[in-house]
Structures are given as structure tokens and as C-alpha cells.
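Each chain, written out:
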Amino acid sequence: FESAAAERLRQRSEGGGIRECHGDLHLANMALLSGDVVPFDAIEFDPELRFTDVMADVAFTVMDLDYRGRPDLGWRFLNRYLEGTGDYAGVAVLPFYKAYRALVRAKVEVLQARDAADPEPRRAAAARFVALAEGYTQPGEPLLVITRGVTGVGKSLASGGVLPELGAVRIRSDVERKRLAGLDPEADAGAEVGGGLYAEGMSERTYARLLEQARPVLAAGIPVVLDATYLAAERRSAARTLAAELGVPFAILALEAPEAQIRAWLRERAESTTVSDGDEAVLDHHLATAEPLDSRERGHTLRVDTRAALDFGAIAADLRETAAVPGA
């Protein structure tokens, strides 16, 4: 275990993950100013503390949100960071850093309890931090979920809603496709069917990238949701194969709605800036080429009608119930 952990940290250092950071990014060192979260009181006096793994700073914020009873916000924060940076490999060291940061806070509480008129609240806080740290060392419950559905059906809405309920990391094909091309996620890349950014070769690279990014997250014991159309049976099979290789449960979240409703949503979406480039021409292509789920796939598929009000907690629970380790 120690050698594996040391190897992951070495990879973080060689890959540029360790750099000048804030160094003390818990919630008491953040302020909400004019609608923006502004960190302050960074560690400037000690380079050995200020130069750290970016994921260690992320872990401090996530851990503090857990401590304050808002793990849902922790998962949202983590996902926004990962989507913006593509640092999915860093999730491999996230549990370690969360435990480390929790123990740092426990030590601070113990030290402050010594000089407090009433030390018990400080001691209780320290005990809570230690319990958090211990929890972070326990094996997780990884799960691989892929979405399935045509453009405009609501895949990102549904997958985004279940993330905090599952305690999951989402990896989006729309974002990773543009990252591979060196584009901003919200850049208008055009939705040329079968060409440009959506040529077959680029799509193959994108779907391979999703699995590559998912691997270290699953290995860290964290559920992953792959947000993509997954209309091709071969691509669904590749995801299922990864789950079988890693021995993690696998499920398909199939999002469905009437064609007329999807077209109406696409027209509304065209008036706003979104990550997705899909339009009605893309929808026509998806409807014409989608490969149906086979009998094996249907056994671990959860179908959701996106016209309804979505109960994300229930969807998350049903996904865990539906999922199974392929071949087990």
C-alpha cells in the first residue's frame, strides 16, 4: 500500500499537480463577495506549506463541507473543479488528502482546547474530524453508470442531479471532446454530423478518453457517471468491459422522452449558451442510427422519462439496485 501511494504522489509531482497553491483552503478562509467566492489568508510565510498538490487544496474544501453536513456541495465543488481542469487522475489521491486535512483540523482543535475556558466543544470537534479521517480510509463503493439517450433528452440534467446523491464524479463527452481539440467547453464547435469535431475518429478518441478518465476515479472507490449518448452497442460494451475488469457494478441510465418534446427542448436550448452542440440535425442522425439495448443490457438498465419531475434521490437508489458486476 505504501509503495502504491508513494508512486501516485510521485506521478502527481512529475505531472505538475504539485505547485504554488493557497495551502489552507477551508471554508473559514473564504468569503462571498458580490456573488463570488473569494479565498483569502493563503499561506505566504512558508513555501513548504504553500507549495502543495492542487488536489490537497480541493480536498480541504471538500472535507470541510463534509464536516459541516453538506457533502452534496462538496461533490458539486469537486465536479466543477474536475470538469474545468480534467484532473481526474488526481482523484486517486483525494481520499488520502481528505484524511490528512481532517487530521490537521483535529490537531488545531486540540491545541485550541488547551487555552479555551470551555474545552469540551473543541474536543468534540476534534473527535468529529478524527472520525471523518477514519471514514476516508475505508474502502468506497464504486459504481460505473453510463447514460444513454439522444441529444436534447436531458442527460446532463439527470446525471448532474444524481451526482451528490451517489457521491459520484461525472465525466462528460461534450466537455472531453472539446478538451481534446483544445477548445473551451462552451465554445461553439458546430454540430456537423459526421464531420469536424464529430468525425468518427474524434468520437472514438472521445469515448476512449471517458474510460481512461474513469479508471483512476473508480480505483479510488468513487462512483463514476459517464455522460454521453452511448447509442452504439460497441461503446456501451467497452464501458461494461471496464466495469468487469475492475470488478465494479455497472448500470445504464436510459433517458427517454417523446421526439416532439425533445425537438422543443432543442429549440429552447439554441437560444442559450451550453456545452452541448447538438441540434435537430444531430437528433435526426441519432434517431436513425441508435442501436437498441440487447437483453443482457436491459437487465441492468434504469429507464427514466425526462418529462416528469425527477426525484434524483430515488434515481440514485434505483441505479444502485439495478447495477451489477458484469459477469459476476
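Below or above, wherever it landed, is the structure these notes cover. (Residues numbered from 1 in each chain as written. Predicted model: local features only at pLDDT ≥ 70, side-chain atom pairs only at ≥ 80, totals over all residues. Heavy atoms only, no water.)

### Thoughts on the overall build of the protein chain
Of the regular secondary structure elements, the protein chain holds 14 helices and 9 strands. Radius of gyration (C-alpha) of the protein chain: 22 Å, near the 20 Å computed for a compact globule of 328 residues. Expressed as lengths along the three principal axes of its C-alpha atoms, the size of the protein chain is roughly 70 × 45 × 40 Å. For the protein chain, long-range pairs separated by at least 24 residues make up 75% of all intrachain contacts whose partners lie at least 6 apart in sequence. With 38 positive and 51 negative side-chain charges, the protein chain shows a spacing of 2 Å between the two charge centroids. (Helix = DSSP H or I, 4+ residues; strand = E, 2+ residues; numbered from the N terminus. Rg over C-alpha atoms; globule rule 2.2 N^0.38 Å. Contact = heavy atoms within 4.5 Å. Lys, Arg positive; Asp, Glu negative; His and termini not counted. Charge placed at Lys NZ, Arg CZ, Asp CG, Glu CD.)

### Thoughts on the nonpolar core
In this structure, Leu-144, Val-169, Leu-226 and Tyr-230 are the most contacted members of the largest nonpolar core, which totals 38 residues. Discounting chain neighbours no more than four positions away, the residues touching Leu-226 are Leu-144, Val-145, Ile-146, Thr-147, Ile-171, Leu-210, Leu-211 and Ala-214. Core analysis: the next-biggest nonpolar cluster, separate from the first, contains 25 residues, Val-153, Ala-158, Leu-231 and Leu-253 among them. (Core = buried A, V, L, I, M, F, W, Y, C linked by side-chain atoms within 4.5 Å. Buried < 20%, exposed > 50% of the residue type's maximum accessible area, 1.4 Å probe, protein only.)

### Regarding the environment of Arg-170
Within the secondary structure, Arg-170 is located in strand β6 (residues 169-172). The class for Arg-170 is buried, based on a relative accessible area of 11%. A distance of 2.9 Å separates the side chain of Arg-170 from the backbone oxygen of Ser-156, its partner in a polar contact. (Polar contact = N/O pair within 3.5 Å; in protein donor to acceptor, adjacent residues only side chain to side chain.)

### Examining the environment of Asp-279
With respect to the helices and strands, Asp-279 occurs in the loop between α11 (259-269) and α12 (280-289). Look at Asp-279 and you get partly exposed, because its relative accessible area is 32%. Counting along the chain gives 162 residues from Asp-279 to Ala-117, while the straight-line C-alpha distance between them is 65 Å. For Asp-279, the side chain forms a polar contact with the main-chain nitrogen of Ala-281, separated by 3.1 Å.

### Here's the deal with the pattern of salt bridges
Inspection of the entire model under this criterion finds 25 salt bridges. For Arg-10, the salt bridge is made with Glu-14, and the minimal N-O distance between the two is 2.6 Å. Of this pair, Arg-10 and Glu-14 both sit in helix α1 (residues 2-14), 4 residues apart, roughly one helical turn. Classification of Arg-10 as partly exposed rests on a relative accessible area of 36%. (Salt bridge = Lys/Arg side-chain N within 4 Å of Asp/Glu carboxyl O.)

### A few points about the sheet that holds strand β8 (residues 250-256)
Taking strand neighbours across the sheet as the criterion, the 5 strands line up as β6-β7-β5-β8-β9 in an open arrangement whose pairing is parallel. The open sheet terminates on both sides in strands that have one partner only, identified here as β6 and β9 (301-305). Taking the axes of each pair of neighbouring strands and ignoring which way they run, one obtains an average angle of 20 degrees across the sheet. Inspection of the sheet shows strand β5 (residues 144-148) paired to β8 by 5 bridges, in the parallel sense. (Pairing = 2+ DSSP bridges. Axes fitted to C-alpha atoms, helices over the stretch in contact; angles between N-to-C directions.)

### Description of α12
By the burial criterion, the buried members of α12 are Val-282, Leu-283 and His-286. On an axial view of α12, the arc spanned by its buried residues comes to 100 degrees, and they lie on one face. In this fold, the buried residues of α12 make contact with α11. (Arc of directions from axis to C-beta.)

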